[in-house]
Amino acid sequence: SRDWSSDVCSSDLSDLADKLDAKNAEFQRVRQQLEMVSRGDSRLTPREGLKLGMDRGDFRMAEMFARQVLFSDPDDLAANFVMGMFYFGNEQYSRAEAYLKKCAQKQPKAAPIFNNLAVAQLRQGNLEEAEKNARRALEIDADSFEARRTLKNVLKEKEAAEQKRRENPTLPDGPKM
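The structure presented is a predicted model; accordingly, all values stated were derived computationally and were not measured.

> Any chance you could break down the packing of helix H5 (residues 77–89) against helix H7 (residues 111–124) for me, citing the residues and the numbers?
At a minimum axis distance of 11 Å, the contact between H5 and H7 shows a crossing angle of 35°. The two elements H5 and H7 meet at a crossing, and its hand is left-handed. Where H5 approaches H7, its residues Phe81, Met85 and Phe88 are matched on the opposing element by Ile113, Asn116, Val119, Ala120 and Arg123. The class makeup of the residues in the contact of H5 with H7 is 6 nonpolar, 1 polar and 1 charged.

In structure tokens:
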């Protein structure tokens, strides 16, 4: 019995993959956009660059194009989300909150947006707003592990702040509640 698999060499597989890729229109479009970006081709519009950066998971590229999109359209959902997450990742929570609030207004049924907004508010000590937004995320998606975890953390912080006030009533109010 002959093992035919040994007759298939890597160049044959590569040729087959190239033939399949050549027939995939979406793959060809993305390949063309990547080639334009790598050449510094200015034919890529800010919105195309933003989408390409998000599709590739290249958040540095997405952030660069998001700034350009927001210059001409301050209400663009994708650009606001990218900027919100950019500032969130850089621990600039008040800036992240501003962008994520715009997203929440435009996408009132997006649990991840409300959860991320709640986390940004929690990290700033704005516990009432954080609780409200974590609960909103859970209303939208009751199965969201992230939103349950966020709400648990908010409630834990609220209890800790309340405990401190009970132990030392002369302390200022602490986190905003």
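> Can you lay out the environment of leucine 117 for me, pointing to particular residues and giving the numbers?
By the element assignment, leucine 117 lies in helix H7. Judged by relative accessible area, leucine 117 falls into the buried class, the value being 3%.

> How would you summarise the side chain of glutamine 121 if you had to cite specific residues and measurements?
With respect to the helices and strands, the residue glutamine 121 is situated in helix H7. Residue glutamine 121 is classed as buried on the basis of its relative accessible area, which comes to 0%.

> Residue-level account of unusual backbone geometry, with values.
Its identity is not glycine, yet glutamate 91 carries a phi of approximately 60°, on the positive side. Note that glutamate 91 resides in the loop between H5 and helix H6 (93–106). The class of glutamate 91 is exposed, set by a relative accessible area of 59%.

> Break down the packing of aromatic side chains for me, citing the residues and quoting the values.
Under the definition given, this model contains 3 aromatic pairs. A ring pair is formed by phenylalanine 86 and tyrosine 87, whose centres lie 5.1 Å apart and whose planes are at 70°; its orientation type is edge-to-face. The buried category is assigned to tyrosine 87, whose relative accessible area is 7%. Between phenylalanine 88 and tyrosine 93, the ring centres sit 5.5 Å apart and the planes meet at 80°, which makes this aromatic pair edge-to-face. Of the two residues examined, phenylalanine 88 and tyrosine 93, each falls in the buried class.

> Give a detailed account of the nonpolar core, specifying residues and quantitative values.
In terms of nonpolar packing, the biggest core is built from 18 residues, with Leu50, Ala66, Ala79 and Phe88 touching the most fellow members. Among the secondary structure elements, those contributing two or more residues to this core are helix H3 (46–56), helix H4 (59–72), H5, H6 and H7. Top element by residues in this core is H4. It accounts for 6 residues. Residue contacts for alanine 79: discarding those within four places in its chain leaves Leu50, Ala66, Val69 and Leu70. The next biggest cluster of nonpolar side chains, apart from the first, holds 14 residues, and it includes Phe114, Ala118, Ala147 and Leu151.

> If you had to explain H6 to someone new, which residues and values would you point to?
Because an α-helix completes one turn every 3.6 residues, residues spaced three or four positions apart along the sequence face the same direction. Taking 1.5 Å as the rise per residue, H6 with 14 residues should run 20 Å; its terminal C-alpha atoms sit 20 Å apart, in good agreement. Of the residues making up H6, those classed as buried are Tyr93, Ala96, Glu97, Leu100, Cys103 and Ala104. Burial along H6 is one-sided: seen end-on, the buried residues are contained in an arc of 125°. Buried positions along H6 lie against H5 and H7.

Rules and cut-offs
Residues numbered from 1 in each chain as written. Predicted model: local features only at pLDDT ≥ 70, side-chain atom pairs only at ≥ 80, totals over all residues. Heavy atoms only, no water. Axes fitted to C-alpha atoms, helices over the stretch in contact; angles between N-to-C directions. Helix = DSSP H or I, 4+ residues; strand = E, 2+ residues; numbered from the N terminus. Left-handed = near helix turned anticlockwise from the far one by under 90°. Contact = heavy atoms within 4.5 Å. Nonpolar A, V, L, I, M, F, W, Y, C, P; charged D, E, K, R; others polar. Buried < 20%, exposed > 50% of the residue type's maximum accessible area, 1.4 Å probe, protein only. Phe/Tyr/Trp six-rings, centres within 6.5 Å; stacked < 30°, edge-to-face > 60°. Core = buried A, V, L, I, M, F, W, Y, C linked by side-chain atoms within 4.5 Å. Expected span 1.5 Å × (residues − 1). Arc of directions from axis to C-beta.

By themselves, these observations are geometric and do not establish any function.
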